[in-house]
Amino acid sequence: MRKLARLRVSSPILGVINVIRESTKPHRHSPAVVIKEVEAPAILAPGERKLIGGVEIAVDERGLLTLRWESVEFRELHFKSDSGFTWRHEIPHCARVYGFGLRGGLLNKRRWKTLRLWNRDPCFTYANPDTDPLYLSIPFYMIVGSRTRPIGVFIDCAYPMLVDPGTRRDYVEVCALGGEFCVFVIFGRDIKDVLEKYTALTGRPPLPPLWGLGIIQSRWSYTLEEAVRVVLTYRKLGIPLDAVFLDIDYMDKHKVFTWGRKYRRAKKYISLLHALGCKVIVNVDPYVKIDRRYKLFVECVARDYYVRDKRGGAFIGYAWSGTCIIPDVTREDVRRWWARFYVKFMQEYGVDGFCNDMNEPTFDTRVLKIGIKPDDAMFSAGEFKEVANIFALLENDAVFSELRKTGRRVFLMSRSGFAGIQRYGFVWTGDVWSTWIHLRRSVTMILGLSLSGVPLSGADIGGFNPPLLRVNPKLFIRWFQLGMFYPLARVHYTKNKLPQEPYTFGSRVVEICRRYARLRYHLLPYLYTLVWEAHVRGVPIVRPLFFEFPDDALAYEFEEEFMFGPWILVAPVLRQDDTVIYYLPRGYWLDVKRGQVVRSRGLIFREKIPLEDMPIFVRDGALIPSQEPVNHTGERVNKLLLHVFVRREESTWFVYEDDGITNAYERGEYNLIEVSARPRDDELIIKLTPKNLGFKTTVRTLVVRLHTCRVRRAELNGKSVDFNECEVFLPYPVSEVLKIKVATEHTDTMSFFA
């Protein structure tokens, strides 16, 4: 009982309580936490009560907490510490549990199985996408119900954990293998509010370069000549493409920051790819090959920058390069040294982005493990188990910070991560397989990442593994259709497979993929505005239905459809028989394919979907900025489209734009227009209000396209403006508050994105 006698309690944000137990010295948060305590913590003993941060706090005689915020209660049931700690807290019987980072299984982890929060490369066990653990663990979860307000829980501990998310009884149990107990309990009005507070604690994503939201084509591994041919073929077929990806074979014997013999003309070919409007991303592994002729190895040893073993010598790992040493990224000087090689590589060769791979870190899970014991690794910050979960976080932090100094936006992908990894860019779901179950799991995995505070993610379109087994055309089409709504849209596959570029499957596949690729580029202004919203508020881009419809009990049951932002519902076809069962919450919806309005009273549909189609619906109140499709994001447009579907619901949304390349937006060089719509009798009032006009845009015309309406007249500040049957034409950018008055009649019109 003595160990439970005193608690350090503080509130860094209103409605957020931080509890630390057994601290005999000032607590230092992990690298996950970016917010600092704004006031000294209160020291509470058993039997005490206190109001902190708007939350009533009571400590019982056992030293266990009960927290009350408005009508919501959070109650601890058990705490015990030894070399680590075991902690239990109550959850409502009907509650669901979401989060934990990258996980297989259903989206709701309640009653699934005990989870291992331990970053690990599953290698070929990933043939089963429900294997656990995977590459990326986040000790944050939300307790959610349709009749209760959500609660977020973030355990600021990087040690491996076992978490039972309520599989047996009405409590969550956390068993950490080490570390101090430090938890944040986050109360909020809704899921969005909880995520906003959580990302205020751990950080929000930067604005990536605009081209990073385009389509990326990748394989392990293109030669530079092959990469050029790929881009030329995409251009010839009219399929948009913004980047190609060079996997590890571009290196000289897998030595990082080198070029192999086949890539000696890298500078010339990268310049050629740039001339074609295509960026170049390269893979980097966090290892230094043992080779006394390799300058990086010689320098790493001379500076004593490597991880030791428990005997004091160099820890020898085994990676694609063979035997290697590992930079000790827990040291700040080593991190800066390592990150500067990225900058040098970018500046010398014109590389545009980087993918930090194998950073769980993985140095013993190749096909032959050759007796390497990760627990022998000793970092300056501690043992392997103390460091492994935050290795990728520290690596990406340093690389991002150094690349930002170039003045350009940073494009970073990371396979592994911890809480806070969202601060640096994109993650992906690793080496998924070309199977239907992996296609289905990609939806719940990306939604799970979204609910873990990581909005920029994707899965390898078409499937990466296994070698020798090529994805079949139907599965590729269905994956490509879905992948156009991933925040990160990358087609990727392993070596020793037949090609998996869209054009290798024949003309019908090309036609379907071209249509969905052009749809993604049509929606880029909408997607870019969603990314801006994630950047400033921490809310996800891809959202489960219940995120937008929290009071609808059925919305929690349908985990394989999702909202793309607030306005677009996507019900992907995820089964080989082409059937899909999807749910439309109550209200009016516009069927994108048919251009018809569906009035749903909470309808469930079962349909067999033709191969060229995927169910997409637009929600009543939708205000969706878009553009004419382009071949790549470097092609600027002079016309902006605003799709308006408003039947009953008043709504407000935004249009965000900047140069998409630099960080000038941080100095106010961006445009932000607030758009609101209000239906009234047979009229529709649309108001456009500039919030910031600091960017010199190439757009000169705004076309307001009305759906299920026909325009009889249109006025701007009382004066008539040009219009046709369903469009109103306005000058852009907006430099004053505008009101548009449009007489309407409800009729079905053309397909939404025609």
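Draft legend 1. The arrangement of the sheet that holds strand 40 (residues 651-657) in detail. Pairing is antiparallel across the open sheet formed by 6 strands, whose spatial order is 40-41-42-47-44-45. At either end of the open sheet lies a strand with only one pairing partner, and these are strand 40 and strand 45 (719-720). As paired elements, strand 44 (residues 714-716) and strand 47 (residues 738-743) share 3 bridges and run antiparallel to each other. Following the sheet pairing, glutamate 715 is matched in strand 47 by lysine 741. Set on the sheet, helix 10 (residues 524-537) makes contact with strand 40 and strand 41 (671-680); between it and strand 40 the angle comes to about 95°.

Draft legend 2. Looking closely at unusual backbone geometry. Omega for the peptide link from aspartate 132 to proline 133 comes to 5°, which places this bond in the cis form. Of note, proline 133 is situated in the loop between strand 10 (115-117) and strand 11 (137-144). Here the bond from tryptophan 220 into serine 221 is cis, since omega is -5°, no more than 30 degrees from zero. In this fold, serine 221 is placed in the loop between strand 16 (215-219) and helix 2 (224-237). Here aspartate 304, not a glycine, exhibits a phi torsion of approximately 60°, which is positive. Along the chain, aspartate 304 falls in the loop between helix 4 (295-302) and strand 20 (308-309). Phi at asparagine 717 takes a positive value of approximately 50°, unusual for a residue other than glycine.

Draft legend 3. Layout of the sheet that holds strand 21 (residues 317-319). The antiparallel open sheet is built from 3 strands, whose spatial order is 19-22-21. Every other strand in the sheet has two partners, leaving strand 19 (288-289) and strand 21 as the edge strands with one partner each.

Draft legend 4. Broad picture of the packing of helix 4 against helix 5 (residues 332-349). With their axes 12 Å apart at the nearest point, helix 4 and helix 5 run at an angle of 160° to one another. Taken together, the axis directions place helix 4 and helix 5 in an arrangement best described as roughly antiparallel. Relative to helix 5, the crossing made by helix 4 is right-handed. Within the contact between the two elements, helix 4 uses Leu296, Glu299 and Cys300 and helix 5 uses Trp337, Trp338 and Phe341. Residues of the contact of helix 4 with helix 5, tallied by class, amount to 5 nonpolar, no polar and 1 charged.

Criteria and thresholds
- Residue indices follow the written sequence of each chain, beginning from 1 at its first position.
- Selection of residues for local features in this predicted model requires a pLDDT of at least 70, selection of side-chain atom pairs for listing and counting requires 80 or more, and totals for whole chains, interfaces and linings are taken over all residues.
- Think of the side-chain values as coming from all heavy atoms in the structure, minus any hydrogens and water.
- Pairing between strands requires that DSSP locate at least two bridges from one strand to the other.
- Put simply, DSSP H or I for four residues or longer makes a helix, DSSP E for two residues or longer makes a strand, and each gets a number counted from the N terminus.
- Residue contacts follow a heavy-atom distance rule, with two residues in contact if any of their heavy atoms lie within 4.5 Å.
- All axes are obtained by fitting lines to C-alpha atoms, using only the stretch in contact for helices, and the reported angles, taken between N-to-C directions, cover 0 to 180 degrees.
- Put simply, angles under 35 degrees are roughly parallel, angles over 145 are roughly antiparallel, angles from 65 to 115 are roughly perpendicular, and the rest are oblique.
- In a left-handed crossing the near helix is turned counterclockwise from the far helix by less than a right angle, and in a right-handed crossing that turn is clockwise.
- Residue classes follow a fixed rule: Ala, Val, Leu, Ile, Met, Phe, Trp, Tyr, Cys and Pro count as nonpolar, while Asp, Glu, Lys and Arg count as charged, and any other residue, Gly among them, counts as polar.

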